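The chain contents come next:
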Amino acid sequence: LHGVVLWRRTAGDARARPGAGIGIDNAEQAKIRYLLGYVRGGLIDVRERRRLPVRLRVAYTAQKGRRVNFTRDLNEEGAFVRTAEMLEIGAATMLLISPPGGDYRPVEVAATVTRQHVQGGDRGVGVRFDFRDEQERARWGAFVHKLESDYLEGKLSDDVLL
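Residues numbered from 1 in each chain as written. Predicted model: local features only at pLDDT ≥ 70, side-chain atom pairs only at ≥ 80, totals over all residues. Heavy atoms only, no water.

**Student:** Explain the environment of Ala-59 residue by residue, including any values.
**Tutor:** As for its position among the elements, Ala-59 is in strand S5 (residues 57–62). When its relative accessible area of 6% is taken as the criterion, Ala-59 is described as buried. A sequence separation of 35 residues divides Ala-59 from Met-94, and the C-alpha atoms of the two residues are 8.3 Å apart. Once residues lying within four places of it in the same chain are set aside, the contact partners of Ala-59 are Arg-66, Arg-67, Val-68, Met-94, Leu-95 and Leu-96. (Helix = DSSP H or I, 4+ residues; strand = E, 2+ residues; numbered from the N terminus. Buried < 20%, exposed > 50% of the residue type's maximum accessible area, 1.4 Å probe, protein only. Contact = heavy atoms within 4.5 Å.)

Here you go:
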C-alpha cells in the first residue's frame, strides 16, 4: 500500500504508545476493500463475494468489433471489465483473459453482462461467468485461487495491481 506518514510518536507514555499514523493514498482503495473483505471472511458486502483487485488484459467482441481492455477486479463468479463502449445488460460474450507473466496461457470463458457502470472515470461492465460444466468452473476457481495466492504473497508485478 502507498501512503504518507501523517504523524509519528517516537516515545510513548502512560496514555499513548509509540507509533505512526499513515494516510493511505486514495488510489489504494481497491486494495483496502479487498483486505477488509478478506478479514470479514471473504465478503465485501452482502450482495457479492470478495473481489481480487487486479488489472488483467481482456479481449472480447463488442458491437463495433473486437475490443481489448482490462479488468478492475474478478472472482470465481465474474469480473468487472473497464470499457468506454458499454455492452448491453444480458448480452452474452466470450472473454479471453490474459494472466500476468508467462506462467499461464490466456483463459477463455463465456460471460453474461449483468450491470453497467458509467459514473465517473471508472466506466465498465460487470459480467457473470457462464461455465459449461463443473470441470470448467473448477479450473477457473483454481486459476483465481493461484492468482489470489500470488497477490497475497506479493508475487504480482506492479502493472497488474490496482
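What follows picks up the thread again.
**Student:** Please give an account of the sheet that holds strand S6 (residues 65–74) that cites residues and values.
**Tutor:** Working definition: the strands of a sheet are paired by backbone hydrogen bonds and lie parallel or antiparallel to each other. With antiparallel pairing, six strands are arranged side by side around a closed barrel as S5-S6-S7-S10-S9-S8. Adjacent strand axes in the sheet meet at a mean angle of 45 degrees when their direction is disregarded. Here strand S9 (residues 107–117) pairs with strand S10 (residues 124–129) via six bridges, running antiparallel. Bridge pairing in S10 links Thr-112 to Arg-128. Each of S6, strand S8 (92–98), S9 and S10 is contacted by helix H2 (residues 134–152), which is oriented at about 60 degrees to S6, the strand it contacts most. (Pairing = 2+ DSSP bridges. Axes fitted to C-alpha atoms, helices over the stretch in contact; angles between N-to-C directions.)

**Student:** Please set out H2 residue by residue, giving values where relevant.
**Tutor:** Its 19 residues give H2 an end-to-end C-alpha distance of 26 Å, which sits within 8% of 27 Å, the value for a rise of 1.5 Å per residue. Of the positions making up H2, those classed as buried are Glu-136, Trp-140, Gly-141, Phe-143, Val-144, Leu-147, Glu-148, Asp-150 and Tyr-151. With a side-chain oxygen positioned 3.1 Å from the backbone nitrogen of Gln-135, the residue opening H2 is Asp-133. Phi turns positive, to about 75 degrees, at Gly-154, one or two residues after H2. (Expected span 1.5 Å × (residues − 1). Polar contact = N/O pair within 3.5 Å; in protein donor to acceptor, adjacent residues only side chain to side chain.)

**Student:** Before we move on, can you summarise the pairing of strand S1 (residues 3–9) with the specific residues and values?
**Tutor:** Across a regular strand the side chains alternate sides, sitting on one face of the sheet and then on the other. The element S1 is largely exposed, with a buried count of zero among its seven residues. Pairing of S1 with strand S2 (residues 19–24) involves six bridges; the strand directions are antiparallel. Paired with Arg-8 across the bridge in S2 is Ala-20.

**Student:** Lay out the nonpolar core in plain terms, naming residues and giving numbers.
**Tutor:** Ranked by internal contacts, the top residues of the largest apolar core, which has 28 residues, are Val-54, Leu-95 and Phe-129. Going through the elements one at a time, S5, strand S7 (78–82), S8, S9, S10 and H2 are the ones with two or more residues in this core. It is H2 that provides the largest number of residues to this core, a total of five residues. Leave out the neighbours within four places in its chain, and Leu-95 touches Val-58, Ala-59, Tyr-60, Val-107, Glu-108, Val-109, Ala-111, Val-127 and Phe-129. (Core = buried A, V, L, I, M, F, W, Y, C linked by side-chain atoms within 4.5 Å.)

Purely geometric stuff here, so don't read any function into it on its own.
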